[in-house]
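A closer look at the structure
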Amino acid sequence: MGWNMNLRGYLIGIQRAFDAQDGQLLGGLISLQDQHVLNSNLISVDESKTGMMLVETLEPPLDEIACCHLKCLRVLNRTPRDVHEAYKQQTACVQAVIKLLQALKEENWCLPIMYSACLDLRLLAQKCEECGIGTKPGEILEKAAEGLMACFRICTADNRSADEDTKRHGMLNLVNQLFKVYFRINKLHLCKPLIRAIESSAFKDSFPLAEQITYKYFVGRKAMFDSDYKCAEEYLTFAFEMCPKVHTKNKRLILIYLVPVKMLLGYMPKEETLKMYDVLQFYELACALREGNVRKFEDVIAKHEAFFIKFGIYLLVEKLKIIAYRNLFKKVYLIMQTHQLDLQHFVQALEFVGKSDINMDETQCIVANLIYEGKIKGYISYQHNKLVVSKQNPFPTLSVNAT
């Protein structure tokens, strides 16, 4: 279909795509990401004439969907662009798409139309937020999420159709859109019912791979923030390994969250992998951890503070410090070759690596935390100011790859 067509040709194309049940083509024809948005012929006709053409050419609610889309194009082509009005029109477009979904019972060829409308709604809401529109941050995105949730409910409720015709195939696409909203407005608790819906879905493993990768990435990140590091590792590893190599930007983004999670579990990253994806900040951290050099570790965090804060992993990376303490104290144990270690030796070791302001009370707290977390097997004898460690594996390995 040529993108220099006139308005009537465009509307006929929409009706033909609908009659042919071509969801992909119809989804493109109402998408703001499609090439047809560059066609000035579609918005050069005055609005009253456009309205007449819509009624003459399209069946409802197709006429309503196309009308909202064209109004969206008009306001976006104004100078200056009216992003807020475009968002309002796209909200109306999604509502019209909901009517279409409800009318097409036991059919799912129309899902790409829903995908296009919902994607544009989220992107316009984000643009409004970036422009400072709304009474408070996140307000418009949260409102947009209501439209996405309305579509999601229609998909989840379609349990009478045959498996090949059910709209439940559209659930994961919408869940991923909602994840992007909830992460942006920092309302991760709203992700929980969505995760539960997908995990209990019969189509969990048959959704498109690209959607599964996005889903695993967000669920992995949520597990990371919930301190469920084993779950985070599992989901982020799936996302990283399944993401095609050509998508280096996406693989790098996944790796930024996967690496600190694996480090917390004791897996130290390889330099060549980090170099490939330009995240050598983690290699500097890993070197400091292996050495048990606490001061060096703190210097690396300070050096790359902006990077860690940007991706929301600063506090997670800070948690790695306990591993640096564990590795340093293990070196003391190997040097002293005794199971009764004077805590003063640990103070001296900390001073040696540059922690000149450390005292005995702080050192005892660090050792107590290491015992509590299972990184040292033993107990503190406060009467003799000693750490008494187990004769059997006093410093349990953090993982199979840890030293």
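Placed above this text is the structure.
Here is a short report on the structure shown in this document. (Residues numbered from 1 in each chain as written. Predicted model: local features only at pLDDT ≥ 70, side-chain atom pairs only at ≥ 80, totals over all residues. Heavy atoms only, no water.)

1. A short note on the packing of helix α13 (residues 248-264) against helix α15 (residues 281-291)
The description of two packed helices rests on the angle between their axes and on the distance between the axes. The contact between α13 and α15 brings their axes to 11 Å, and the two run at 5 degrees. Compared by their axis directions, α13 and α15 come out roughly parallel. For the pair formed by α13 and α15, the contact residues are Ile-256, Val-259, Pro-260 and Met-263 on the first element and Phe-282, Leu-285, Ala-286 and Leu-289 on the second. For the contact of α13 with α15, the per-class residue count stands at eight nonpolar, no polar and no charged. (Axes fitted to C-alpha atoms, helices over the stretch in contact; angles between N-to-C directions. Helix = DSSP H or I, 4+ residues; strand = E, 2+ residues; numbered from the N terminus. Parallel < 35°, antiparallel > 145°, perpendicular 65-115°, else oblique. Contact = heavy atoms within 4.5 Å. Nonpolar A, V, L, I, M, F, W, Y, C, P; charged D, E, K, R; others polar.)

2. Focus on the packing of helix α8 (residues 139-157) against helix α9 (residues 171-184)
Between α8 and α9, the shortest axis-to-axis distance is 10 Å and the interhelical angle comes to 160 degrees. Relative to α9, the element α8 lies roughly antiparallel. Judged by the twist between their axes, the crossing of α8 over α9 is left-handed. Along its contact with α8, which presents Leu-141, Ala-145, Leu-148, Met-149, Cys-151, Phe-152, Cys-155 and Thr-156, the element α9 presents Met-171, Leu-174, Val-175, Gln-177, Leu-178, Val-181, Tyr-182 and Arg-184. Its residues placed into classes, the contact of α8 with α9 shows 13 nonpolar, two polar and one charged. (Left-handed = near helix turned anticlockwise from the far one by under 90°.)

3. A word on the pairing of strand β3 (residues 386-389)
Two elements, strand β1 (residues 340-342) and β3, share three bridges in a ladder whose sense is antiparallel. Paired with Leu-341 across the bridge in β3 is Leu-387. The pairing of strand β2 (residues 378-381) with β3 spans four bridges and is antiparallel. Within β3, the position partnered with Tyr-379 by the bridge is Val-388. What sits between β2 and β3 in their antiparallel hairpin is a turn of four residues, with Asn-385 showing a positive phi close to 55 degrees. (Pairing = 2+ DSSP bridges.)

4. Quick notes on the sheet that holds β2
Spatial ordering of the open sheet is given by β1-β3-β2, a layout of three strands whose pairing is antiparallel. Each edge of the open sheet is held by one strand with a lone partner, namely β1 and β2. Each neighbouring strand pair of the sheet contributes to a mean axis angle of 25 degrees, computed without reference to strand direction. Against the sheet, helix α21 (residues 360-372) makes contact with β2 and β3, and its axis sits at roughly 155 degrees relative to β2, the strand it touches most.

5. Examining the environment of Leu-70
For Leu-70, the location among the structural elements is in helix α5 (residues 62-76). On the accessibility criterion, Leu-70 (1% relative accessible area) is buried. Linking Leu-70 and Asn-6, residues 64 residues apart in sequence, is a C-alpha distance of 13 Å. If near-sequence neighbours (up to four positions away) are discounted, Leu-70 is found in contact with Leu-7, Tyr-10, Leu-11, Leu-42, Ile-43, Thr-50 and Leu-54. (Buried < 20%, exposed > 50% of the residue type's maximum accessible area, 1.4 Å probe, protein only.)

6. Details of a negative patch on the surface
On the surface, a cluster of negative charge is contributed by Glu-106, Asp-163, Glu-164 and Asp-165. Positionally, Asp-165 belongs in the loop between α8 and α9. (Patch = residues over 30% accessible without salt bridge, like charges linked within 9 Å, V, L, I, M, F, W, Y side chains within 5 Å. Areas by Shrake-Rupley, 256 points an atom, 1.4 Å probe, with all protein chains shown as cover. Salt bridge = Lys/Arg side-chain N within 4 Å of Asp/Glu carboxyl O. Lys, Arg positive; Asp, Glu negative; His and termini not counted. Charge placed at Lys NZ, Arg CZ, Asp CG, Glu CD.)

All quantities given are derived from atomic positions and should not be read as evidence of function.
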